Amino acid sequence: MITATHSPDEHIAALRPKLVAFARLQLRDNAAAEDTVQDTLVTALEKHDTFAGRSAFETWVFGILKNKILERLRQQGRYVAWQSDEQSDDDALENLFQDNGRWQATKRPTPWGDPDQVLENTAFWKVLDACLVALPENTARVFTMRELMELSTPEICNVLDISESNCWVILHRARLKLRDCIEKGWLA
């Protein structure tokens, strides 16, 4: 919340570390992340007077960042072809399930507790960030576009020039890998 004791410039500057962390996670390039956040901050400062207060100020600034990231990804898509992540872990993923599609008894997800409490736990978010960084680049990009940037599957497919079925497979693999990583890093 912007108060009389904090100018818009100070409030926007305080958001910078969060913005950079999010942009680095999505773009996987420090220079691109810094440039995108810089563009976001300039836009937020220039358009600050148009902020209507229908959402939290931080949400508004993150919305600007999401749009800037999408612009950059679209530009990159013109120059860089999509590269499929290594599929060498197919067997490991298949070993999680029985032939009938149910979890192997020893591979079932462990309960994480009350979801609302988990989401308020800062340690959980640190582990999730570390797990996202450990994902293959394209897998992390698809997952963050879907779950953090809240893009629809068709939007993701359009930006990355992939099929919907490929997108769903990538999301499925990302969720399984993240679950495993979180259970090892947070619940263990």
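**Quick notes on the confidence of the model for the protein chain**
Here the protein chain averages 76 in pLDDT, while 72% of its residues score no lower than 70. The secondary-structure element of the protein chain with the lowest mean pLDDT is helix H4 (residues 90-94), recorded at 57, while helix H8 (residues 153-160) shows the highest, at 89. Here residues 79-87 is a poorly scored stretch, pLDDT under 50, and it has 13 contacts once near neighbours within four places are set aside; other chains count.

**Brief notes about the side chain of Thr 36**
If you trace the backbone, Thr 36 turns up in helix H2 (residues 30-46). On the basis of relative accessibility, which here comes to 2%, the residue Thr 36 falls in the buried class. Within the structure, the side chain of Thr 36 is placed 2.8 Å from the side chain of Arg 72, a separation counted as a polar contact. Apart from the residues within four sequence positions on either side, Thr 36 is in contact with Leu 27, Leu 65, Lys 68, Ile 69 and Arg 72.

**Things to note about H2**
With 17 residues, H2 ought to run about 24 Å at 1.5 Å a step, and its terminal C-alpha atoms sit 24 Å apart, in line with that. Of all the positions in H2, only Ala 32, Ala 33, Thr 36, Val 37, Thr 40, Leu 41, Thr 43 and Ala 44 are classed as buried. The opening residue of H2 is Asp 29, an N-cap whose side-chain oxygen sits 3.0 Å from the backbone nitrogen of Ala 31.

**Describing the packing of helix H7 (residues 137-147) against H8**
Running from amino to carboxyl end, H7 crosses H8 at an angle of 140°, the nearest separation of the two axes being 10 Å. Comparing the axis directions of H7 and H8 gives the class oblique. Every pair of crossing elements has a handedness; the one defined by H7 and H8 is right-handed. Listed contacts from H8 to Arg 141, Val 142, Met 145 and Arg 146 of H7 are Thr 153, Ile 156, Val 159 and Leu 160. Tallied by class, the residues present in the contact of H7 with H8 amount to five nonpolar, one polar and two charged.

**Details of the state of the cysteines**
What we call a disulfide is simply a covalent bond connecting the sulfur atoms of a pair of cysteines. A complete count under the given rule lists one disulfide for this structure. Through a disulfide, Cys 131 is tied to Cys 181; the S-S separation comes to 2.0 Å. Handedness of the Cys 131-Cys 181 disulfide follows from its S-S torsion of about -85°: it is left-handed. On the criterion of sequence distance, the pair formed by Cys 131 in helix H6 (residues 122-134) and Cys 181 in helix H9 (residues 164-187) is long-range, its members being 50 residues apart. Given a relative accessible area of 25%, Cys 181 falls into the partly exposed group. There is no disulfide at Cys 167, and the cysteine sulfur nearest it, in Cys 157, is 4.4 Å away.

**Details of the nonpolar core**
Counting 45 residues, the largest nonpolar core has Leu 19, Leu 65, Ile 69, Val 142 and Met 145 as its most contacted members. Of all elements in the fold, only helix H1 (8-27), H2, helix H3 (57-79), H6, H7, H8 and H9 reach the threshold of two or more residues within this core. A per-element tally of this core places H3 first, with nine residues. Those residues within four positions of Met 145 in sequence are excluded, and the remaining contacts are Gln 26, Leu 70, Leu 73, Glu 150, Leu 151, Ile 156, Val 159 and Leu 160.

Conventions and cut-offs
- Residues numbered from 1 in each chain as written.
- Predicted model: local features only at pLDDT ≥ 70, side-chain atom pairs only at ≥ 80, totals over all residues.
- Heavy atoms only, no water.
- pLDDT = per-residue confidence, 0-100.
- Helix = DSSP H or I, 4+ residues; strand = E, 2+ residues; numbered from the N terminus.
- Contact = heavy atoms within 4.5 Å.
- Buried < 20%, exposed > 50% of the residue type's maximum accessible area, 1.4 Å probe, protein only.
- Polar contact = N/O pair within 3.5 Å; in protein donor to acceptor, adjacent residues only side chain to side chain.
- Expected span 1.5 Å × (residues − 1).
- Axes fitted to C-alpha atoms, helices over the stretch in contact; angles between N-to-C directions.
- Parallel < 35°, antiparallel > 145°, perpendicular 65-115°, else oblique.
- Left-handed = near helix turned anticlockwise from the far one by under 90°.
- Nonpolar A, V, L, I, M, F, W, Y, C, P; charged D, E, K, R; others polar.
- Disulfide = S-S within 2.5 Å.
- Core = buried A, V, L, I, M, F, W, Y, C linked by side-chain atoms within 4.5 Å.

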